[in-house]
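So the chains spell out like this:
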Amino acid sequence: MASISKEYRTVTQIAGPLMFVEGVEGVTYGELADIKLQNGSLRRGRVLEINGDKAMVQVFEGTSGLSPQDVKVKFLAKGMELGVSLDMLGRVFDGSGRPIDDGPSIIPEKYLNVNGNPVNPYVRDYPNEFIQTGISTIDLLNTLVRGQKLPLFSGSGLPHSRLAAQIARQATVLKTGEKFAVVFAAIGITFEEAEFFVADFRRTGAIERSVVFINLADDPPIERIALPRMALTAAEYLAFEKGMHVLVIMTDLTNYCEALREISAARREVPGRRGYPGYLYTDLATLYERAGRIKGKTGSITQIPVLTMPEDDKTHPVPDLTGYITEGQIIINRGLNARGIYPPVDVLPSLSRLKDKGIGAGKTREDHADVMNQLYSAYARGKNAKELAVVLGESALSDADILFVKFADAFEDKFVRQGEDENRTIEESLSIGWDLLAMIPRNELKRIRDAFIEKYYPKK
Amino acid sequence: MNENRGEVVKVSGPLVIARGLTGARMFEMVRVGEANLFGEIIEIKGNDYSIQVYEETEGIGPGQPVIRTGEPLSVELGPGLIKSIYDGVQRPLDALARDFGEYIVRGAERPALDRSKKWNFIPVAKVGDRVEQGDILGTVQESALVVHKIMMPPGKSGIIKKIETVTGNVDTEVAVIEGQEGIFGITMVQRWPVRESRPVKRKVMPTEPMITGQRVIDMLFPIAKGGTACVPGPFGSGKTVVQHQLAKWADAQIVIYVGCGERGNEMTDVLMEFPHLKDPASGEPLMERTVLVANTSNMPVAAREASVFTGIAIAEYFRDMGYSVALMADSTSRWAEAMREISGRLEEMPGEEGYPAYLGSRIANFYERAGSVICLGSDDRSGAITVIGAVSPPGGDFSEPVVQATLRVVKVFWGLDDKLAFSRHFPAVNWLTSYSLYQDMVDECSDCKFDAQWSINRKRAMDILQRESELEELVRLVGIDALPHEDRLLMQAAKMIREDFLHQNAFDERDACTSLDKQFSLLKLILHYFDKVNSSYSDGATLESLTSNDVLNDIARAKLISEEALDQFEALEQKITNTICAITW
């Protein structure tokens with residue numbers, strides 16, 4: 001490893017967030033560096049490539065104000081680490097893991113490499129414990145389970161932050177006696193958005209059980225690469241060493257990907273789609289795959305990443321690659337939002353891949369799966385009929401179709417719409433579902449088993 | 001400097017460049033750095049050897065050693081493969097978990113086949129026999145479902161000097177052979193380089209359908225044993241569920257499931273579920289015939305590139321024993337992306353969308369290792385590998401390079417459709433775009449072995465669905481009321497085929513796997529209804545009475561009739577006849 005004390009003054013080139021140091025010895029890939037300026041201020045960097053005696057260093061705080069003549073670089077012979085401790089709960093940190101809430105500094109129990117190691121798939125435990133978020137469209141139709149990663153796909157100007165905060169608030173109500181924590185990672189968002197979350201955590205007292213990492217829109221973009229890794233390292237510590245159920249909210253992943261693209265461009269790598277690097281999928285996977293449960297451990301990590309889709313385009317690389325890694329997605333719809341429906345969850349394209357193992361008798365209720373499928377197909381049919389009516393006029397619809405159109409409207413109004421502080425139990429959500437299904441003739445309820453129809457069909 | 005030892009000069013992510021490895025060959029395995037990481041030589045330029053490293057390279061720097069192994073990336077083949085779970089370079093994940101903890105630590109190494117396990121070898125050949133390459137020397141009962149055959153390795157032959165029943169681990173010598181090059185021992189284990197296909201006597205055309213228990217596949221788009229299929233679809237369209245369903249219910253003797261760059265939780269699902277699911281034919285747990293290769297998306301990208309080759313090399317080994325093997329690769333897009341990433345770091349000139357120019361040939365190479373073959377060995381036994389690859393095209397766009405390169409080589413295409421998935425029609429196989437080039441072969445086979453009506457019914461069902469899509473256009477323009485009544489009856493029949501036949505719930509015990517008998521009866525029932533209403537309509541029954549009546553409900557629930565009570569179908573058919581007659585009169 002490197003001769004730790006040696007300081008290099010051999011910076012030859014600075015380009016974008018990158019700095020090239022020559023004549024180095026014993027430097028390794030991924031190693032951290034301290035960059036000292038003449039005025040005494042200090043910046044952090046990381047080795048992105050090492051070729052013989054030339055090291056390419058990425059500077060976290062950005063290179064503005066640096067000059068090859070007046071910087072001294074010291075390599076630290078270790079990768080990026082985060083000091084962790086239970087005292088982190090209730091505190092706010094910046095993108096380099098330094099406290100920014102005027103509190104005392106943390107005395108770490110230990111230091112952990114922020115990149116983590118991949119979990120051996122053999123020791124993973126399957127996520128199958130139902131989390132009640134109190135939101136009907138999630139609980140009944142896109143069930144969230146412990147250890148899942150379920151992103152919110154949103155767009156600019158949509159209430160994804162309110163929904164994420166509501167989930168964080170309501171999902172905390174779990175079986176008594178279990179330890180729960182929230183890790184919040186703000187990646188390049190505005191002060192107002194970040195403040196909204198922190199204020200909401202304070203209002204509800206959740207801040208006591210939260211660890212907050214903040215990189216605002218005007219903070220160095222390069223810090224955004226490290227920030228979610230810090231947050232997930234803290235989450236892994238709390239979950240797998242301290243036995244807590246951790247909910248990680250990361251917003252906004254689109255900013256993360258842009259920071260990644262910035263570095264990739266500075267390195268002159270061959271760009272993939274829309275200029276994002278070809279390894280975007282792999283890189284995102286190293287974040288998202290850090291959700292989960294491990295056999296023999298009580299804790300779990302559940303991730304709710306939030307991302308805004310440019311132009312609401314689901315095929316944009318960021319949502320597209322995210323969707324291929326995460327276990328489903330909740331899509332926020334502009335049309336519903338414009339009609340004043342909160343939460344504007346677009347039910348049809350939303351999906352939770354892990355729902356089937358988390359629902360049913362003993363977990364939620366025996367009729368859950370059937371009701372879910374029936375609501376989906378009835379709503380889909382109603383929406384189709386509506387589209388038809390737009391082209392041909394209502395008169396072209398059959399009697400049955402008119403019934404389904406009515407169903408779709410009522411579904412959006414009664415089932416999708418709910419208050420920001422309305423915390424529905426799964427039984428309440430199911431009973432709203434059954435009330436809506438009662439609008440449809442019984443012989444159309446093909447997805448529900450007879451026994452459940454007998455038992456749960458609302459009696460007039 | 002020692003010839004087997006070089007040193008690192010450059011590190012950039014998973015790509016390391018080393019010098020001083022004179023004599024090293026392309027695709028030779030090396031160990032890199034003080035952390036002893038796995039790597040493979042993928043480019044040689046003068047004295048510079050580019051190595052793709054299968055593990056995270058943090059902490060590797062210039063000056064650290066690189067050690068040659070002299071062998072290309074190889075798999076260990078022998079008893080103990082079944083029920084194992086490996087990473088992309090055949091490291092046993094269960095042993096790593098036992099010895100190194102929950103996380104995969106770098107440089108960790110354990111033999112692929114557990115040396116502490118004892119196997120009982122029973123000879124088939126006897127002393128004095130002359131054995132050729134591929135001849136079976138003896139057998140080992142590997143699991144409840146698999147008899148593992150110990151074969152003469154490719155390229156070896158001779159006369160058996162000694163062979164006897166022995167019990168021991170895979171390294172135990174089971175036979176002594178006198179060949180041209182002298183006397184040598186044979187153990188239960190062989191090694192084989194993964195990038196090379198194992199030799200066969202000859203390839204033959206597939207002649208037998210692989211039954212999957214999935215109605216849309218077996219009836220409309222069948223696959224042959226030894227065939228190749230691809231399942232492309234945007235995310236959320238159910239690729240993985242289709243792959244899991246096939247791994248569970250396909251009538252293959254061995255299943256190799258390669259989770260290539262996909263989710264960790266999905267592998268866990270397979271691991272937790274398979275030991276509890278029973279093989280419909282034998283009643284034994286499905287795990288007893290399964291090998292898993294899991295290189296999840298967060299595991300190193302270079303090992304992901306190797307994982308499909310590791311999978312297919314293991315598949316070839318079991319095929320050589322004369323088994324019918326099914327290999328599922330989920331997803332080949334992640335594999336292609338791994339190639340792209342490595343290619344980018346090598347600064348190769350990119351082809352389409354940044355993928356390397358050799359993308360198409362690598363994909364073709366992989367799929368061509370499938371097939372129906374006559375294996376090596378004097379008994380001319382036949383074996384087959386069926387390969388089913390999932391493709392995850394960005395944005396669900398089938399015109400992208402990986403889908404297109406795959407379609408050029410595979411014979412079956414199950415195109416998944418997100419519109420179907422949104423309306424919760426699963427499996428979301430689009431019946432208008434999908435195809436199977438094994439159709440004629442399977443038709444012929446089913447008509448003579450099963451029921452002469454098979455192909456007639458299938459064609460009728462396809463026609464009805466095709467016709468429906470044309471009519472839908474019309475309905476969109478003029479409304480359903482404007483259609484003649486014959487067409488409205490046809491639309492109803494199409495809807496019944498879609499909802500009551502094609503739609504199949506993978507999570508319902510009774511519906512997850514359907515026998516050919518039941519598939520046939522179910523489709524026949526729907527067509528029977530269609531015939532009856534057509535004829536009674538011409539006899540003067542009203543449209544309303546034909547499109548809404550009680551038997552429709554019965555037909556909708558017919559797919560839940562249990563496999564033991566298939567005679568209910570006949571009763572139901574009678575009921576349809578009676579009901580429709582009652583309406584007409």
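Predicted model, so just to flag it, every value in this text is computed and none were measured.

A. Structural detail: the overall build of chain B. Within chain B one finds 16 helices and 28 strands. Scaling as 2.2 N^0.38, a compact globule of 585 residues should have a C-alpha radius of gyration of about 25 Å, and chain B matches this with 27 Å. Taking the principal axes of its C-alpha atoms as reference, chain B extends roughly 100 × 55 × 40 Å. Here chain B holds 585 residues, and the buried ones make up 62% of them. In chain B, the proportion of contacts linking residues at least 24 apart, taken out of those at least 6 apart, comes to 69%. Accessible area of chain B: about 21400 Å², with a carbon and sulfur share of 50%. The centroid of the 62 positive side-chain charges in chain B is displaced by 4 Å from the centroid of its 84 negative side-chain charges.

B. The arrangement of the overall build of chain A in detail. When you go through chain A residue by residue, the secondary structure sums to 13 helices and 21 strands. Relative to the 2.2 N^0.38 estimate, which gives 23 Å for 460 residues, the radius of gyration of chain A is 25 Å and therefore close to what a compact globule would have. Considering chain A as a whole, with its 460 residues, one finds that 60% of them fall into the buried category. Taking the intrachain contacts of chain A between residues at least 6 apart in sequence as the baseline, contacts between residues at least 24 apart amount to 72%. Element-wise, carbon and sulfur atoms account for 50% of the exposed surface of chain A, whose accessible area totals about 16800 Å².

C. Region of the structure containing the packing of aromatic side chains. Tallying each qualifying case throughout the model produces 23 aromatic pairs over all chains. Between the aromatic rings of B:Phe450 and B:Phe520, the centroid separation amounts to 5.8 Å while the plane-to-plane angle is 80°, which identifies the pairing as edge-to-face. Note that B:Phe450 is positioned in the loop between α10 (439–449) and α11 (454–478) and B:Phe520 in helix α13 (residues 516–538), a separation of 70 residues in sequence. By relative accessible area, which is 30% here, B:Phe450 ends up partly exposed. Accessibility expressed as a relative area gives 7% for B:Phe520, which makes it buried. What links up through ring pairs into an aromatic cluster is the set A:Phe184, A:Phe196, A:Phe197 and A:Phe201.

D. Up close: the domain arrangement of chain A. Assigned domains of chain A: these are domain 1 (7–78), domain 2 (82–357) and domain 3 (368–456). The C-alpha centroid of domain 3 of chain A is placed 61 Å from the C-alpha centroid of domain 1 of chain A.

E. Structural detail: the confidence of the model for chain B. Averaged over every residue, the pLDDT of chain B is 91; residues scoring 70 or more account for 99%. Across the predicted assembly, pTM comes out at 0.90 and ipTM at 0.84.

F. The arrangement of helix α7 (residues 359–368) of chain B in detail. Residues and elements named next belong to chain B. Within α7 the residues assigned to the buried category are Leu 359, Ile 363, Phe 366 and Tyr 367. All buried residues of α7 lie within an arc of 95° about the axis, which places them on one face of the element. Its buried side turned inward, α7 meets β21 (228–232), α5 (301–320), β24 (324–330), α6 (332–345), β26 (382–391) and α8 (401–407).

G. Main features of the sheet that holds strand β13 (residues 158–163) of chain B. Residues and elements named next belong to chain B. Taken in spatial order, the four strands of this open sheet run β10-β13-β15-β16, and their pairing is antiparallel. In this open sheet, the two strands that pair with only one neighbour each are β10 (130–131) and β16 (182–187). In this structure, strand β15 (residues 173–179) lies alongside β16, joined through six bridges in antiparallel fashion. Within the sheet, the bridge partner assigned to Glu 178 lies in β16 and is Ile 183.

H. Molecular detail of the packing of α5(B) against α6(B). Residue and element names in this part refer to chain B. The geometry of α5 relative to α6 is characterised by a closest axis approach of 8 Å and an angle of 130° between their N-to-C directions. Put simply, α5 runs oblique to α6. When you trace α5 past α6, the crossing you get is left-handed. Contacts from Val 301, Ala 302, Arg 304, Glu 305, Val 308 and Phe 309 in α5 reach Arg 334, Trp 335, Ala 338, Met 339, Glu 341 and Ile 342 in α6.

I. Representation of the interface of chain B and chain A in the model. Taken together, the contact between chain B and chain A spans 76 residues of the former and 77 residues of the latter. The junction of chain B with chain A conceals about 6300 Å² of combined surface from both sides, 54% of it contributed by carbon and sulfur atoms. For the interface between chain B and chain A, the tally reads seven salt bridges. Taking the shortest distance from any N to any O, the salt bridge between A:Lys446 and B:Asp500 comes out at 4.0 Å. Secondary-structure elements contributing two or more residues to the side of chain B that touches chain A are β1 (5–12), α1 (93–100), α4 (264–273), α5, α6, α11, α12 (485–502) and α15 (550–557) of chain B. The greatest single-element share of the side of chain B that touches chain A, amounting to nine residues, is contributed by α4(B). The residue makeup of the side of chain B that touches chain A, split by class, is 28 nonpolar, 22 polar and 26 charged. As judged from the two bridges shared by strand β5 (residues 42–51) of chain A and β1(B), these two strands associate in the antiparallel manner. Within the sheet, the bridge partner assigned to A:Asn51 lies in β1(B) and is B:Lys10.

J. Examining the pattern of salt bridges more closely. Within the structure shown, the criterion is met by 84 salt bridges over all chains. Residues B:Glu28 and B:Arg68 are paired through a salt bridge, measuring 2.7 Å at the closest nitrogen-oxygen approach. Taken together, the residues span a long stretch of sequence, with B:Glu28 in strand β3 (residues 28–32) and B:Arg68 in strand β6 (residues 65–72) at a distance of 40 residues. By relative accessible area, which is 3% here, B:Glu28 ends up buried. Among the salt bridges present, the one from B:Glu288 reaches B:Lys83, with a minimum N-O distance of 3.4 Å. Here B:Lys83 lies in the loop between β7 (74–77) and β8 (85–86) and B:Glu288 lies in the loop between α4 and β23 (290–295), a separation of 205 residues in the sequence. For B:Glu288, a relative accessible area of 12% gives the class buried. It is possible to trace a salt-bridge network through shared partners that takes in A:Asp125, A:Glu129, A:Arg146, A:Glu178 and A:Arg293.

K. Molecular detail of helix α3 (residues 191–204) of chain A. Here α3(A) contains 14 residues, and its C-alpha end-to-end distance of 20 Å stays within 8% of the 20 Å for a straight helix at 1.5 Å per residue. On the buried face of α3(A), the contacting elements are α2 (160–170), β15 (180–189), β16 (210–216) and β17 (245–251) of chain A.

L. Up close: unusual backbone geometry. The step from A:Tyr342 to A:Pro343 runs through a cis peptide bond, and the omega angle for that step is -10°. With respect to the helices and strands, the residue A:Pro343 is situated in the loop between α8 (334–338) and β21 (351–352). Following B:Phe426, the chain continues to B:Pro427 via a peptide bond in cis, the omega torsion being -10°. Mapped onto the fold, B:Pro427 is located in the loop between α9 (418–422) and β28 (435–436). Look at A:Asp102: it is not a glycine, yet its phi comes out positive at around 65°. Judged by its relative accessible area of 82%, A:Asp102 is exposed.

M. Structural view of the domain arrangement of chain B. All names here are of chain B. Along its sequence, chain B is organised into domain 1 (5–72), domain 2 (77–95 + 200–439), domain 3 (116–188) and domain 4 (450–584). Computed over C-alpha atoms, the centres of domain 1 and domain 2 are 30 Å apart. At the interface, 14 residues of domain 1 touch 13 residues of domain 2. Summed over both sides, the interface between domain 1 and domain 2 buries roughly 1100 Å², with carbon and sulfur atoms accounting for 64% of that surface. For the domain 1 face of the interface with domain 2, the top three residues by lost area are Pro 14, Gln 52 and Tyr 54, together amounting to 44%. Joining domain 1 to domain 2, the criterion identifies one salt bridge.

N. Just the side chain of B:Thr406, in detail. Residues and elements named next belong to chain B. Looking at where Thr 406 falls in the secondary structure, it is placed in helix α8. The class of Thr 406 is buried, set by a relative accessible area of 0%. Beyond its immediate stretch of four places on either side in the chain, Thr 406 contacts Cys 230, Ile 363, Tyr 367 and Val 391.

O. Geometry of the nonpolar core. All names here are of chain B. Counting residues in each nonpolar core, the largest one holds 87 residues, and the members touching the most others are Leu 220, Ile 388, Trp 414 and Tyr 529. Broken down by element, the residue count for this core peaks at ten residues, all from α13. Among the domains, domain 2 (77–95 + 200–439) and domain 4 (450–584) are the pair contributing at least three residues each to this core. When residues no more than four places from it in sequence are discounted, the contact partners of Tyr 529 are Gln 492, Met 496, Leu 546, Asn 549, Val 551, Leu 552, Ile 555, Ile 576 and Ile 580. Membership of the second largest hydrophobic core comes to 81 residues, among which are Leu 73, Ala 336, Ala 370 and Val 387.

P. Examining the environment of B:Tyr86 more closely. Residue and element names in this part refer to chain B. Mapping Tyr 86 onto the fold places it in strand β8. Residues Tyr 86 and Leu 246, spaced 160 residues apart in sequence, show a C-alpha to C-alpha distance of 20 Å. When residues no more than four places from it in sequence are discounted, the contact partners of Tyr 86 are Gly 80, Leu 81, Arg 91, Pro 92, Leu 93, Ala 112, Leu 113, Val 291, Leu 292, Val 293, Ala 294 and Ile 314. Within the structure, Tyr 86 has its side chain in polar contact with the side chain of Ser 84 (distance 3.4 Å).

Procedures and definitions
- Residues numbered from 1 in each chain as written.
- Chains lettered and ligands numbered in written order.
- Predicted model: local features only at pLDDT ≥ 70, side-chain atom pairs only at ≥ 80, totals over all residues.
- Heavy atoms only, no water.
- Helix = DSSP H or I, 4+ residues; strand = E, 2+ residues; numbered from the N terminus.
- Rg over C-alpha atoms; globule rule 2.2 N^0.38 Å.
- Buried < 20%, exposed > 50% of the residue type's maximum accessible area, 1.4 Å probe, protein only.
- Contact = heavy atoms within 4.5 Å.
- Areas by Shrake-Rupley, 256 points an atom, 1.4 Å probe, with all protein chains shown as cover.
- Lys, Arg positive; Asp, Glu negative; His and termini not counted.
- Charge placed at Lys NZ, Arg CZ, Asp CG, Glu CD.
- Phe/Tyr/Trp six-rings, centres within 6.5 Å; stacked < 30°, edge-to-face > 60°.
- Domains from an automatic or database assignment.
- pLDDT = per-residue confidence, 0-100.
- Arc of directions from axis to C-beta.
- Pairing = 2+ DSSP bridges.
- Axes fitted to C-alpha atoms, helices over the stretch in contact; angles between N-to-C directions.
- Parallel < 35°, antiparallel > 145°, perpendicular 65-115°, else oblique.
- Left-handed = near helix turned anticlockwise from the far one by under 90°.
- Buried area = accessible area lost by both parts, 1.4 Å probe.
- Salt bridge = Lys/Arg side-chain N within 4 Å of Asp/Glu carboxyl O.
- Nonpolar A, V, L, I, M, F, W, Y, C, P; charged D, E, K, R; others polar.
- Expected span 1.5 Å × (residues − 1).
- Core = buried A, V, L, I, M, F, W, Y, C linked by side-chain atoms within 4.5 Å.
- Polar contact = N/O pair within 3.5 Å; in protein donor to acceptor, adjacent residues only side chain to side chain.

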